[in-house]
Number of protein chains: 2
Amino acid sequence: MGLFHPRKESMISEGRKRVVIENVRPEVDGGKFPIKRVEGEKVAVEADIFSDGHDLVRAVILYRGDGVKKWREAPLRHVANDRWEGWFRVGEPGYYRYTIQGWVDHPGTWLADFEKKYRAGQDVAVDLLVGADFLDEISERASGKDANKLREIARTMREEKDAKSASSLVLGDEVREMSLKYPDRKFATTYEKELPVVVDRRKALVSAWYEMFPRSCDSAGHGTFANCEKMLPYVSRMGFDVLYLPPIHPIGRTKRKGKNNLPAAQTGDPGSPWAIGAEEGGHKAVNPDLGTLEDFERFVGKAREHGVEVALDLAFQCSPDHPYVREHPEWFRWRPDGSVAFAENPPKKYEDIIPLNFETEAWKELWEELRSVILFWMERGVRIFRVDNPHTKSFLFWEWLIDDVKRRYPDAIFLSEAFTRPKVMYRLARLGFTQSYTYFTWRNTKWEIMEYVNELTRTEVREFFRPNFWTNTPDILPEHLQYGGRPAFVMRLILAATLCSNYGIYGPAYELCVSDAMEGKEEYLASEKYEVKRWDLDRAESLRDLIGKINRIRSENPALQSTWNVNFHESENEKLLLYTKTTEDLENILLIVVNLDPYNKQSGRIRVPLEELDMAPTRPYLVLDLISEDKYVWFGEWNHVELDPHVMPAHIFRVHRRMSREQDFDYFM
Amino acid sequence: MGLFHPRKESMISEGRKRVVIENVRPEVDGGKFPIKRVEGEKVAVEADIFSDGHDLVRAVILYRGDGVKKWREAPLRHVANDRWEGWFRVGEPGYYRYTIQGWVDHPGTWLADFEKKYRAGQDVAVDLLVGADFLDEISERASGKDANKLREIARTMREEKDAKSASSLVLGDEVREMSLKYPDRKFATTYEKELPVVVDRRKALVSAWYEMFPRSCDSAGHGTFANCEKMLPYVSRMGFDVLYLPPIHPIGRTKRKGKNNLPAAQTGDPGSPWAIGAEEGGHKAVNPDLGTLEDFERFVGKAREHGVEVALDLAFQCSPDHPYVREHPEWFRWRPDGSVAFAENPPKKYEDIIPLNFETEAWKELWEELRSVILFWMERGVRIFRVDNPHTKSFLFWEWLIDDVKRRYPDAIFLSEAFTRPKVMYRLARLGFTQSYTYFTWRNTKWEIMEYVNELTRTEVREFFRPNFWTNTPDILPEHLQYGGRPAFVMRLILAATLCSNYGIYGPAYELCVSDAMEGKEEYLASEKYEVKRWDLDRAESLRDLIGKINRIRSENPALQSTWNVNFHESENEKLLLYTKTTEDLENILLIVVNLDPYNKQSGRIRVPLEELDMAPTRPYLVLDLISEDKYVWFGEWNHVELDPHVMPAHIFRVHRRMSREQDFDYFM
């Protein structure tokens, strides 16, 4: 092949591969980044697959765990317009790969052509001889028994003089089945990329988060981990399975912020937990006011006993007092006057926070130190990290860090707290974050919610971005909660918990419906970020029982344990949002109606998508409201609902697809 | 870095590259295939570009010819939502590469922050020192004169005690300009792929093809190249610049087809030119009835004198008499009865054609022989090939072949005659075909035409698929030409010639409005494929003069010399198709209205897109019909037209954007 152009030669070492495989989905950034799944989830695969000419093509998905030699196979079938579809199911957490293989099916092509010629009454004598040769060839790949049978058929095809009888033998099931069972893949094309999948444990997709400042757990002074243990039954009864703590490390004293983010702290002000590091230590230390490292470890264990996993906050930044500032001045930016550069977004200044300089000459040492922080807490039983402002640290750093940690701990979960521009949020998800905060917090109208949820679940975003819907955070008290009263809190909770299988609240501010904001801002007045709170958890208006009920509904209904199965439907009233969540087998069907207006009763007709739910339009069906436990018998597509936000702004109906009729009665027949 | 995971390590040899570049357009199949341009055409480039944090980012396009060491640069600017845009212009034919480079602009970020702080009245004393260090740094990259100036400014910034005066120096144009002129790209990110462009000569984008059977050029017997020379003034006067000849090789005698594709030829029947090869030779020989190889070469030269380039047909298949069948039996499929397999699409049989077997063990020798066929004709002055049924030969073969030939002859043009499924057509275009046949031949209604042309020009298809609109071919006499009479021939000609800068007709059947078809088929009755024709070119109804005028309009109006600039607009009448073609500078604006109904007069209002054309809604304008040479003065967007297909089914208006007014008169002022 001396004449071949050097750039193309390697590609064409085998010129007889006639099948083309292209436009494979899912494929994130050309396979650079993995798609995300949890154990047992499906990967639906599509591709354009075709050959030159009119020959029949066959194709399969190949998939395997990273490090496994042997590929497993899953079928692909042609749908239309040269598009093929199939799926496979991933196993335990770790990395997987998949690709596609396609080949020309010569015996199959011959068989189809033979049938056409035979039916057109053409002479097929020579075609029978051609086919006999194919069968002999197949027999060489076949098991002993099948091989014998194939050779026997081939012999008959060569010897049988009666075309009709030979043809009926050829056109029987046996020849077709054997040719499919023993394909000739000599010249099969394998798609040029092995596409990666990262498989996480189930909690990556189904989790209910509760954020709580441990220092507010005491009824008198500064809370400790010991006090926090008493909160565990409370959190557990509400049904949360992740308890996320803001940073638990020593807090800097220099430039410490006062209450309401005042530039100077008063005596006794505890400071923001995100101003990490003091003489007591940095990211691997525990704030002595909260207790010791042993107390923390004990708390993590106790939480686990309550079915609650503790998540830590990874905020890679320092207070001016952090030991790193003295020990590793090379990791920070210094100004000509000898001062260290604090965080700014001019004209705003954050003097209690010193950012790390990811452009330091010593970036490798910095990366390794930050990884050691994670590994430190991993060794103490933590597996979930909520990462503070990841979009202000280097993307390459995260890509390396998460990959590295997940190869050691495939059960690690990283939640990206990046409330920033969409391209940046999606990049962080692609490069490895397990879950991500979203714009849900600001999506209120029917159109906004539908459009955003559809973007997350019905576009390529679904392959790499696992949303976690938060109603509020210590930084964000959204306007609709400021003005909507308790009905708004109920409504937003139900939306978050049912639209998305990962959701979270910052409490107890949430369940106590705290709505006082800084004037003109979406920030809490007297924010817990800057002071110790004492919460009266027993206040009558607390949502704790309702939250417990909603989380119970989530755990009892598998349809709520996925984010990808939401479908919006028509309702006549713009304030009524209607959606279904269903399991694939339609054994669990939820029909959810939410009144988005926290002030007024809203009513109107909604359209139940009977056809999609495989329900007969001619039979009545039962819908059971899992919140109120009321039952209704409905008939047909359009049904009337009315929701008073002051009573309950939503129905979560479980739909019973068919009601019993006389035919179902024992004595009917 | 021993701890880095081996798979990620190479990627992260430099961890300080903070800019991300992704979602680059155009990028065909992840850069596997080149985009297509002709010399002097623009490549508009887009990408998502951003960094972590709030620092300013800068980016440029890098591009160069293959083999050139040094990159050239073109600017990129941020549009919105982290999307950046720019463009560059390609030069002479050959391969090019482009990529993107982006970096964090530290001095620019400092400058922007400085301005905000200064305007907010903050103390900027230390910031001035920080900036002075930046200027010193820039001065190290600057030319002598600029370096001096920068050091001078830095000195002032350090020494000037009056903040206002120092600040006004900093915020002047000079500092900003210098920082842009001498960027620090130490940690610049270069996009991971160098994306290919194949640049063709201009004829790849702008060509008018005339297909003609040379054997029908004589008024008495079998035409010869010598007779064909007499046709050249005729073809040239009609304005065609490519004369495409069906295969000119010896035609097989075994199983030769008769008139109307009858299974057996009568004495004197010339056979189909696509049944290539006889004792006189194969793909490198000339049918003796047409003349000698020398006659052909002379004809090619004569054609060039008339401004017409001869294109040959590449039909890689053989008649049973082709020398290959004897000399290379290993290139064909043989059946158990010792016969060679002919072409079939059961139950249809094409006994006069023997396909090549691209799965032969000797595929390398076969590929090289087929390439030698092209090189043989290249050496005889042919540069354009219309490739017969490329979709029935191996895709890999074409990919190798076209790339190889174009590296030797960058002026080679390959037209893909694949009337097949869309994915297959687009693959052939991506892998290298210069131009492609299209579905235009069957697109008749307004919606069909708009939808198809928009797919070709406004989607990614535009990057790799150069359409060539054919009104008819020897194989296809579309139904609308069978039934629409002369008006349909005129209308389809104008559509092809104005919608697409590459178009073609099969003549003289087209200009003579031949419309007799096989019963119930889209095939010519008494097709020229199977017999020698004698055409009366002087028939009164011939379209030759109109075709000449249309091609003259194409060559005089640069707006018709691109396919990518078509824009459809509203018309009240569904039968009236309205579109503009404009040059980028709006110096040449064509407004084209076509009556798609070949039977009836149609009229209605059409909307002239004044805003898009940068025309004042308050001033009258002149439109000149380039076909009839009639002039109209119009005013405002909506104007009335009426088209009688029996007179002329279209207007090709040249729009004069402004008419002179009293102010333009010499004596007005």
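Above: the structure in question.
Remember, predicted model here, so these are calculated numbers, not experimental data.

Definitions and cut-offs
Residues numbered from 1 in each chain as written. Chains lettered and ligands numbered in written order. Predicted model: local features only at pLDDT ≥ 70, side-chain atom pairs only at ≥ 80, totals over all residues. Heavy atoms only, no water. Helix = DSSP H or I, 4+ residues; strand = E, 2+ residues; numbered from the N terminus. Buried < 20%, exposed > 50% of the residue type's maximum accessible area, 1.4 Å probe, protein only. Areas by Shrake-Rupley, 256 points an atom, 1.4 Å probe, with all protein chains shown as cover. Lys, Arg positive; Asp, Glu negative; His and termini not counted. Charge placed at Lys NZ, Arg CZ, Asp CG, Glu CD. Axes fitted to C-alpha atoms, helices over the stretch in contact; angles between N-to-C directions. Left-handed = near helix turned anticlockwise from the far one by under 90°. Contact = heavy atoms within 4.5 Å. Salt bridge = Lys/Arg side-chain N within 4 Å of Asp/Glu carboxyl O. Phe/Tyr/Trp six-rings, centres within 6.5 Å; stacked < 30°, edge-to-face > 60°. Lys NZ or Arg CZ within 6 Å of the ring centre and 35° of its normal. Polar contact = N/O pair within 3.5 Å; in protein donor to acceptor, adjacent residues only side chain to side chain. Nonpolar A, V, L, I, M, F, W, Y, C, P; charged D, E, K, R; others polar. Least-squares fit on C-alpha atoms with pLDDT ≥ 70 in both. Pairing = 2+ DSSP bridges. Arc of directions from axis to C-beta. Core = buried A, V, L, I, M, F, W, Y, C linked by side-chain atoms within 4.5 Å.

**Q** Looking at this model, I keep getting lost on the overall build of chain A. Mind explaining?
**A** When its secondary structure is counted, chain A shows 15 helices and 29 strands. Principal-axis analysis of the C-alpha atoms gives chain A an extent of 105 × 80 × 45 Å. When each of the 669 residues of chain A is scored for burial, the buried share is 60%. Accessible surface, chain A as shown: approximately 27400 Å² in total, 48% of it carbon and sulfur. Put simply, chain A has 95 plus and 108 minus side-chain charges, and the middle of one group is 1 Å from the middle of the other.

**Q** Looking at this structure, how should I read the packing of helix H10 (residues 363-379) of chain A against helix H11 (residues 395-408) of chain A?
**A** To describe two helices that pack against each other, one gives the angle between their axes and the distance between the axes. Residues and elements named next belong to chain A. Taken N-terminus to C-terminus, the directions of H10 and H11 make an angle of 35°; their axes are 11 Å apart at the nearest point. In the packing of H10 onto H11, the handedness of the crossing is right-handed. Across the interface between the two elements, Trp367, Glu368, Leu370, Arg371, Ile374, Leu375 and Met378 from H10 touch Leu396, Phe397, Trp400, Leu401, Asp404, Val405 and Arg408 from H11.

**Q** Looking at this structure, how should I read unusual backbone geometry?
**A** Glycine aside, negative phi is the norm for most residues, and most peptide bonds take the trans geometry. All names here are of chain B. With omega at -5°, the peptide bond leading from Arg25 into Pro26 counts as cis. Following the sequence through the fold, Pro26 ends up in the loop between strand E1 (19-25) and strand E2 (35-38). Cis geometry marks the peptide bond from Gly507 to Pro508, where omega comes out at -10°. Within the element layout of this structure, Pro508 appears in the loop between strand E21 (502-506) and helix H16 (544-556). Even without a glycine there, the phi angle at Leu586 is positive, about 60°.

**Q** I would appreciate a short explanation of the pattern of salt bridges in the present structure.
**A** Close approach of charged atoms allows side chains of opposite charge to pair. Residues and elements named next belong to chain B. Tallied over the full model, the rule gives 119 salt bridges over all chains. In this structure, Arg158 and Asp136 form a salt bridge, with 2.9 Å as the shortest nitrogen-oxygen distance. Placement of the pair is Arg158 in helix H4 (residues 144-159) and Asp136 in helix H3 (residues 125-139), with a sequence separation of 22 residues. Judged by its relative accessible area of 34%, Arg158 is partly exposed.

**Q** Just to check I follow, could you spell out the packing of aromatic side chains for this structure?
**A** Ring pairs (aromatic) are described by centroid distance and by the angle formed between their planes. Going through the model one piece at a time under the given rule, you end up with 82 aromatic pairs over all chains. Between Trp209(B) and Trp470(B), the ring centres sit 6.1 Å apart and the planes meet at 70°, which makes this aromatic pair edge-to-face. In this pair, Trp209(B) is assigned in strand E10 (residues 207-211) and Trp470(B) in strand E20 (residues 469-470), connecting sequence segments 261 residues apart. The residue whose ring lies beneath Arg64(A) is Trp71(A), and the NZ or CZ to ring-centre distance is 3.7 Å.

**Q** Would you mind showing me how to read the interface of chain A and chain B here?
**A** One frequently used descriptor of interface size is the decrease in accessible area upon assembly of the parts. With 79 residues of chain A in contact, the opposing surface of chain B contributes 79 residues. There are 17 salt bridges connecting chain A and chain B. In this structure, Glu22(A) and Arg427(B) form a salt bridge, with 2.7 Å as the shortest nitrogen-oxygen distance. The interface formed by chain A and chain B contains 26 residue pairs in polar contact (both at pLDDT 80 or more). The element contributing the most residues to the side of chain A that touches chain B is H11(A), with 8 residues. The residue inventory of the side of chain A that touches chain B, partitioned by class, reads 24 nonpolar, 14 polar and 41 charged.

**Q** For this particular structure, what's the right way to read the relation of the copies chain A and chain B?
**A** A rotation about some axis, followed by a shift along it, carries one copy of the chain onto the other. You can overlay chain A on chain B at an RMSD of 0.1 Å; the transform is a turn of 180° with a shift of 0.0 Å along its axis. Between the two chains, the operation in question is that of a two-fold axis. In terms of C-alpha distance to the rotation axis, chain A has Gly30(A) as its closest residue, with the C-alpha 3.2 Å off the axis. When you check the interface residues of chain A against chain B, 100% turn up at the interface there too, and the contact is symmetric in its surfaces.

**Q** Would you explain the sheet that holds strand E11 (residues 242-244) of chain B in this entry?
**A** In a beta sheet, neighbouring strands pair by backbone hydrogen bonds and run either parallel or antiparallel. Residue and element names in this part refer to chain B. Taking strand neighbours across the sheet as the criterion, the 8 strands line up as E19-E18-E17-E12-E11-E10-E21-E20 in an open arrangement whose pairing is parallel. The open sheet terminates on both sides in strands that have one partner only, identified here as strand E19 (435-436) and E20. Pairing analysis gives 5 bridges linking strand E17 (residues 384-388) to strand E18 (residues 413-417), with the strands arranged parallel. When the sheet's bridge partners are listed, Phe385 is paired in E18 with Phe414.

**Q** So what exactly am I meant to see when it comes to the packing of helix H2 (residues 106-119) of chain B against helix H5 (residues 163-170) of chain B here?
**A** Residues and elements named next belong to chain B. The interhelical angle for the contact between H2 and H5, taken along N-to-C directions, is 145°, at an axis separation of 11 Å. The way H2 lies across H5 gives a crossing that is left-handed. Residues Trp110, Leu111, Phe114 and Tyr118 of H2 lie in contact with H5, whose contacting residues are Ala163, Lys164, Ser167 and Val170. Looking at side-chain class alone, the contact of H2 with H5 contains 6 nonpolar, 1 polar and 1 charged residues.

**Q** Would you explain the pairing of strand E10 (residues 207-211) of chain A in this entry?
**A** One face of the sheet, then the other: side chains in a regular strand alternate in exactly this way. All names here are of chain A. Among the 5 residues that make up E10, 5 are buried, leaving the element largely enclosed by the rest of the structure. Of the two faces of E10, the one holding Ser207, Trp209 and Glu211 and the one holding Ala208 and Tyr210 are both buried throughout. As paired elements, E10 and strand E11 (residues 242-244) share 3 bridges and run parallel to each other. Bridge pairing in E11 places Tyr210 opposite Leu243.

**Q** Help me understand helix H6 (residues 173-181) of chain B, please; the structure alone is not making it clear to me.
**A** Residue and element names in this part refer to chain B. Every buried residue of H6 is accounted for by Val175, Met178 and Ser179. For H6, the arc enclosing every buried residue in end-on projection is 100°, short of the 170-degree limit, so these residues lie on one face. Turned more than 90 degrees from where H6 packs its buried face, Asp173, Glu177 and Lys181 sit exposed. On the buried face of H6, the contacting elements are H2, H3, H4 and H5.

**Q** What exactly am I supposed to notice about the nonpolar core here?
**A** Grouped burial of nonpolar side chains is what soluble globular proteins tend to show. If you look at the biggest cluster of nonpolar residues, it comprises 170 residues, and the most contacted ones within it are Phe296(A) and Trp377(A). Per-element accounting of this core gives the leading share, 11 residues, to helix H14 (residues 479-499) of chain A. Those residues in contact with Phe296(A) that sit more than four places away from it in its chain are Phe225(A), Leu245(A), Ile248(A), Val286(A), Val310(A), Leu312(A), Trp377(A) and Val382(A). Core analysis: the next-biggest nonpolar cluster, separate from the first, contains 168 residues, Ile35(B), Phe296(B), Phe316(B) and Leu537(B) among them.

**Q** Hey, could you run me through the environment of Tyr599(B) in this one?
**A** All names here are of chain B. Counting through the fold element by element, Tyr599 comes out in the loop between strand E24 (589-595) and strand E25 (602-607). We classify Tyr599 as partly exposed; its relative accessible area is 46%. For the pair Tyr599 and Ala488, spaced 111 residues apart in the sequence, the C-alpha separation amounts to 8.4 Å. In contact with Tyr599, not counting residues within four places along its chain, are Tyr483, Gly484, Pro645 and His646.

**Q** Looking at this model, I keep getting lost on the sheet that holds strand E19 (residues 435-436) of chain A. Mind explaining?
**A** All names here are of chain A. Across the sheet, which stays open at both edges, the 8 strands sit in the order E19-E18-E17-E12-E11-E10-E21-E20 with parallel pairing between neighbours. Because the sheet does not close on itself, it has two edges, and the strands there are E19 and strand E20 (469-470). Relative to strand E12 (residues 309-314), helix H8 (residues 293-305) is tilted by about 135°, and along the sheet it contacts E11 and E12.

**Q** Help me understand the environment of Gly281(A) in this model?
**A** With respect to the helices and strands, the residue Gly281(A) is situated in the loop between E11 and H8. Sequence separation of Gly281(A) and Asp321(A) is 40 residues, and the distance between their C-alpha atoms is 9.0 Å.

**Q** Mind showing me how you'd approach H5(B) here?
**A** Residue and element names in this part refer to chain B. Among the residues of H5, Ala166, Ser167 and Val170 are the ones counted as buried. Angular distribution of buried residues about the axis of H5 spans 100°; they occupy a single face of the element. The exposed residues of H5 that point more than 90 degrees off its buried face are Lys164 and Ser168.

**Q** Can you walk me through the side chain of Glu14(B) in this structure?
**A** With respect to the helices, strands and loops of the structure, Glu14(B) is situated in the loop between helix H1 (6-9) and E1. Within the structure, the side chain of Glu14(B) is placed 2.9 Å from the backbone nitrogen of Arg16(B), a separation counted as a polar contact.

**Q** What should I look at first to understand the environment of Asn567(A) in this one?
**A** Residues and elements named next belong to chain A. Relative to the helices and strands, Asn567 resides in strand E22 (residues 566-569). We classify Asn567 as partly exposed; its relative accessible area is 24%. On a C-alpha basis, the gap between Asn567 and Cys217 in space is 40 Å, while along the polypeptide they are 350 residues apart.

**Q** Explain the side chain of Ser416(A) here, please?
**A** Checked against the element boundaries, Ser416(A) lands in strand E18 (residues 413-417). Not counting the four nearest positions on each side in its chain, Ser416(A) is found in contact with Val387(A), Pro390(A), Leu428(A), Phe433(A), Gln435(A), Ser436(A) and Tyr437(A).

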